[in-house]
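Structural overview
Residue-level listing of the chains:
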Amino acid sequence: MGYREDMKRCRDYIATHPEEEITPQKLADIFGYSFYHFCHIFRSVNGVTVGEFLRDRRLCYAASELLQGRSVTETAMGSGFDTVSGFTRAFRRRFGMTPSGYKKKKGGNFNMKPEMKKLDQMVAIGYTRKPEAEIDIREHGAFWKSEDYAPGKKEQPPSNHQGKVGLWLHPSEPSGDFYYFFGSLVGAADSIPPGMEELRIPAATYAVFPVPKGGGAENLQENVRKTWRAIYNDWFDGSEYQSDHGKMSFEHYIGDDAFVCVPILKKEVR
């Protein structure tokens, strides 16, 4: 196998291990070269030094992570930079804009100026499901789209003009397991169909974020998840509010429109 084939394998290895801390010495060891011979061959074949190539791959990976909703700080640390300022300088040189500017330009139409609403207690009737594996709830919005919420049943949550809600519940029990609820808002739960449950969402002040519609209905789940990530990774840090953990965050679906509703409190001044 020749030098060009070795260097292609090397590039493939770098591309498929984006989160691994890779050094020129490690690559030389993996592909059976001395350090100096490897560096010379790599530059001859690829036209750039190993260090330049690795940095470019890290920055491209970082750009992808930013578009997935990661914060600038998380992305900088996850990309191997010691400081956010160092990451920002390198990113600007590579892409011609700051990481935050890149997110705004490339990341889609996220409305990070929510409407603040005081909502009364709401009543919903629907189903709960426990995920089969441990999850990060911020990464699993619109969980109902990947689950069957009425297995073997003809009944469906009652439908009315108030729409449907989806939210994660954390019951106060020793297991500490999360459950996802999906159902319809109703004026009052006069009767509950077999297999369904009643859920009361307490009154609170909410920041209501519209979920972008870009990409069509088939991308609703990913757009909901991006909205959750943007709220917790960016919006709270730059706002005057904090999450009211004593209340319930939820997704609200009305026809073709979707919203993420987060209970808020003013941050304490210290």
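For every chain, the first residue of its written sequence is number 1, and the numbers climb from 1 along that sequence. Reporting of local features is limited, given that this is a predicted model, to residues whose pLDDT is at least 70; pairs of side-chain atoms are given and counted only at 80 or more, and all residues count toward the totals for whole chains, interfaces and linings. Hydrogens are left out, water is left out, and the side-chain values use all remaining heavy atoms of the structure.

A run of DSSP states H or I qualifies as a helix once it reaches four residues; a run of E qualifies as a strand once it reaches two. Both are numbered from the N-terminal end. Within the chain, the secondary structure is distributed over eight helices and nine strands. Two residues qualify as a contact provided that any one of their heavy atoms is within 4.5 Å of a heavy atom in the partner residue. Taking the contacts inside the chain whose residues are at least 6 apart along the sequence as the reference set, 67% of them involve residues at least 24 apart. Accessible surface, the chain: about 15,500 Å² in total, of which carbon and sulfur atoms supply 49%. The accessible surface values rely on the Shrake-Rupley method and a 1.4 Å probe; as for residues, cover is taken only from the protein chains in view.

With that settled, the discussion passes to the pairing of strand β4 (residues 179–186). Within β4, seven of the eight residues are buried, leaving the element largely enclosed by the surrounding structure. Across seven bridges, strand β2 (residues 122–129) lies against β4 in antiparallel orientation. Pairing of Ile125 across the sheet is with Ser184, part of β4. Alignment of strand β3 (residues 164–169) against β4, held across six bridges, turns out to be antiparallel. Bridge pairing links Gly166 to Phe182 in β4. Burial classes follow relative accessibility: with a 1.4 Å probe on protein chains only, a residue under 20% of its type's maximum area counts as buried, one over 50% as exposed, and anything between as partly exposed. The criterion for strand pairing is that DSSP finds at least two bridges linking the strands in question.

The subject of this paragraph is the pattern of salt bridges. Here, a salt bridge means any side-chain nitrogen of Lys or Arg that lies within 4 Å of a carboxyl oxygen of Asp or Glu. All told, the structure shown has 10 salt bridges when counted by the stated rule. Of the charged contacts, one joins Lys26 and Glu20 as a salt bridge, the two residues approaching to 2.3 Å between their closest N and O atoms. With a shortest N-O distance of 2.4 Å, Lys266 and Glu240 are connected by a salt bridge. Separated by 26 residues along the polypeptide, Lys266 in strand β9 (residues 257–266) and Glu240 in the loop between α8 (220–238) and β7 (241–243) bring together distant segments of the chain. It is possible to trace a salt-bridge network through shared partners that takes in Asp56, Arg57 and Arg94.

Topologically, Ser71 is positioned in the loop between α4 (50–67) and α5 (72–78). Among the residues examined, Ser71 registers a relative accessible area of 11% and is labelled buried. The definition of a polar contact used here is a pair of N or O atoms within 3.5 Å, where within protein one atom must be able to donate a hydrogen and the other to accept one, and adjacent residues in sequence count solely through side-chain atom pairs. In this structure the side chain of Ser71 is engaged in a polar contact, spanning 3.1 Å, whose partner is the backbone nitrogen of Glu74. Excluding anything up to four places from it in sequence, Ser71 contacts Leu66, Lys103, Asn233 and Asp234.

Bringing the environment of Glu115 into the picture now. Within the element layout of this structure, Glu115 appears in strand β1 (residues 115–119). For the pair Glu115 and Val208, spaced 93 residues apart in sequence, the C-alpha to C-alpha distance is 5.2 Å. In this view, Glu115 contacts Tyr206, Ala207 and Val208; residues no more than four positions away in its chain are not counted.

So, on to the confidence of the model for the chain. Caution applies to low-pLDDT regions: their predicted coordinates should not be interpreted in detail. As a per-residue measure, pLDDT reflects the predictor's confidence and takes values from 0 up to 100. Per-residue pLDDT for the chain averages 81, and the proportion of residues at 70 or more is 83%. Considering each helix and strand of the chain separately, the mean pLDDT is smallest for helix α7 (residues 99–106), with a value of 76, and largest for strand β6 (residues 204–210), with 94.

A word on α8. With 19 residues, α8 extends 26 Å between its outermost C-alpha atoms, agreeing within 8% with the 27 Å of an ideal straight helix rising 1.5 Å per residue. To get the bend at any residue, fit one axis to the seven residues that end at it and another to the seven that begin at it, then take the angle between the two axes. Along its length, α8 reaches its greatest deviation from straightness, about 40°, at Ile231. Between the first and last residue of a helix there are one fewer steps than residues, each counted as 1.5 Å, and that sum is the expected span.

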